[in-house]
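Here's the letter readout for the chains.
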Amino acid sequence: GIMITTDKDLNLQSLITEGKNPRGIPASTFIEDVETFLGDVSVETALGAFNDLYSKYKYMEQSFEKSKNNYKAKVPELEQTLELIKIMIKKEEEKEEMITNYNLCDTIYAAAKVDTECKKVYLWIGASTMVEYGYEEAVQLLETQLVQSHAKIAEMQEDLYHLRGNSITV
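Because the structure is predicted, anything quoted here is derived from the model rather than measured.

Undergrad: Residue-level account of the packing of aromatic side chains, with values.
TA: Under the definition given, this model contains one aromatic pair. Geometrically, the ring pair formed by Phe37 and Phe50 is tilted, given 6.1 Å between the ring centres and 50° between the ring planes. Residue Phe37 is found in helix α3 (residues 34-38), and its partner Phe50 is found in helix α4 (residues 43-93); the two are separated by 13 residues along the sequence. Residue classification places Phe37 among the buried residues on the basis of a relative accessible area of 15%. Over the ring of Tyr71 we find Lys74, and its NZ or CZ is 5.7 Å from the ring centre.

In structure tokens:
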């Protein structure tokens, strides 16, 4: 059969959502009176639109949860690296020798003397790239990344609450 699409069907997506959160995720509309809402729109069309919106919410929820967990996993590494650089700064200032256990492979370590007098560290910045930084510059970079990571985690948590709440409404 031929399906006739009315203007109401075309506007259905905008009728089932109202407003957005700060990052542009649409909020679903709570429908008080189903008969009035449907008007001349078929039940199948309305259910299809709601199912589509629900699927989008669930997809975004999974994606955001994965991203949030990735950011959460990076935080301890950033904190450990920052702490290590601060120890190197302290050892250099006090003119103390710094000995550490260096990981040669999974189960083998060797003692290594770290040259703190050069006042430089090398950090992996991603994409198989390592960059040389002075101590202060490295500390500043890592502290900024920590602040940004915590902010991103909080933002994603807020989006997840929004998505879960709207998944229930749909």
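Undergrad: Kindly report on the environment of Ser63, identifying the contributing residues and their values.
TA: As for its position among the elements, Ser63 is in helix α4. The sequence separation of Ser63 and Leu160 amounts to 97 residues, and the corresponding C-alpha distance is 9.9 Å.

About the cut-offs
The residue numbers shown here count from 1 along each chain, following its written sequence. Side-chain atom pairs in this predicted model are given and counted only at pLDDT of 80 or more, local residue features only at pLDDT of at least 70, and totals for whole chains, interfaces and linings cover all residues. Excluded from the side-chain calculation are hydrogens and water; included are all heavy atoms of the structure. For this analysis, a ring pair means two rings from Phe, Tyr or Trp (six-membered ring only for Trp) whose centres lie within 6.5 Å, classed as stacked if their planes differ by under 30 degrees, edge-to-face if by over 60, and tilted for the remaining angles. For helices the rule is a DSSP run of H or I covering at least 4 residues; for strands it is a run of E covering at least 2, with both sets numbered from the N terminus onward. Buried means the residue's accessible area, taken with a 1.4 Å probe over protein chains only, is under 20% of the maximum for its type, while exposed means over 50%, and partly exposed covers the values in between. In our convention, an over-ring charge means Lys NZ or Arg CZ found within 6 Å of a ring centre and within 35 degrees of that ring's normal.

Nothing here speaks to function; it is all geometry.
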